Amino acid sequence: MKAFNYCPQCGYEGLDWSEDKRLTCHHCGFTYFHNMAAAVGAVLLHGDEILLTVRKHDPARDMLDLPGGFVDRHESLEQALTRELTEELKVVVGESEWRYLFSFPNRYPYAGISYYTSDVFFLKKMETRPEIVVGDDVADAVWVSIADVELESVGLDSVRSALCELKKINIPGIIV
Ligand SMILES: [Zn+2]
């Protein structure tokens with residue numbers, strides 16, 4: 001990544017990005033690790049249908065997504081899921097109700113910087129369809145049969161991988 005040209009500490013031009021995630025200034029010794037961030041995705045399952053959102057903002061605006069987002073500092077993955085579900089869809093799922101599915105690495109380009117993430121996906125089987133109130137950060141939300149999900153309409157690589165995996169397993173048969 002070459003998003004920065006000058007050392008933020010001393011202004012020296014010629015930062016060393018040769019170690020991929022580590023930025024080093026050989027002039028003053030400044031070092032910055034562009035570490036991976038954690039993000040979560042929710043698979044809300046009702047019958048054989050899952051809830052997909054439509055992205056309101058870039059990257060991948062107008063494309064399909066799963067509810068979720070970045071994990072805040074001092075937050076567990078489950079807390080982040082519960083918070084994001086409430087913020088995005090006004091759906092309340094308790095932190096202890098999430099069942100881990102799988103994780104995939106992702107790259108999230110935003111404002112000229114590539115953020116690398118570990119996207120962790122959790123399942124919540126719903127007995128009834130919850131009432132959805134779409135929040136400010138989401139364009140829309142739709143229930144779709146897993147078999148009918150069009151992977152080419154999914155915006156983010158990790159979410160596409162997750163949905164591809166869901167198509168392979170007999171998810172309605174999972175005991176939750
Ligand atoms: Zn420097």
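Residues numbered from 1 in each chain as written. Predicted model: local features only at pLDDT ≥ 70, side-chain atom pairs only at ≥ 80, totals over all residues. Heavy atoms only, no water.

A. Quick peek at the packing of aromatic side chains. In total, this model carries six aromatic pairs according to the counting rule given. Here the aromatic rings of phenylalanine 70 and tyrosine 108 are separated by 5.2 Å at their centres, their planes lie at 90°, and the arrangement is edge-to-face. Of the two residues, phenylalanine 70 is situated in strand S6 (residues 68-70) and tyrosine 108 in strand S7 (residues 99-110); the sequence distance between them amounts to 38 residues. On the basis of relative accessible area, tyrosine 108 is assigned to the buried category, the value being 16%. Three or more aromatic residues link up through ring pairs in this structure, and these residues are Phe102, Phe104 and Phe121. (Phe/Tyr/Trp six-rings, centres within 6.5 Å; stacked < 30°, edge-to-face > 60°. Helix = DSSP H or I, 4+ residues; strand = E, 2+ residues; numbered from the N terminus. Buried < 20%, exposed > 50% of the residue type's maximum accessible area, 1.4 Å probe, protein only.)

B. Main features of the side chain of threonine 24. Relative to the elements of secondary structure, threonine 24 occurs in strand S1 (residues 22-24). The buried category is assigned to threonine 24, whose relative accessible area is 15%.

C. Main features of the domain arrangement of the protein. Taken domain by domain, the protein holds domain 1 (1-35) and domain 2 (37-105 + 113-170). Taking only C-alpha atoms into account, the centre of domain 1 sits 34 Å from that of domain 2. Contacts between domain 1 and domain 2 engage five residues on the former and five residues on the latter. Taken together, the two surfaces of domain 1 and domain 2 that pack against each other cover about 340 Å², and 70% of this comes from carbon and sulfur. In this assembly, domain 1 and domain 2 are joined by zero salt bridges. (Domains from an automatic or database assignment. Contact = heavy atoms within 4.5 Å. Buried area = accessible area lost by both parts, 1.4 Å probe. Salt bridge = Lys/Arg side-chain N within 4 Å of Asp/Glu carboxyl O.)

D. Examining helix H2 (residues 157-168) more closely. With twelve residues, H2 extends 17 Å between its outermost C-alpha atoms, agreeing within 8% with the 16 Å of an ideal straight helix rising 1.5 Å per residue. Residues of H2 that are buried include every one of Ser158, Val159, Ala162, Leu163 and Leu166, and no others. The arc that holds every buried residue of H2, seen down its axis, measures 135°, which confines them to one face. Contact partners of the buried residues in H2: strand S3 (37-46), strand S4 (49-55), strand S5 (64-65), S7 and strand S8 (113-125). (Expected span 1.5 Å × (residues − 1). Arc of directions from axis to C-beta.)

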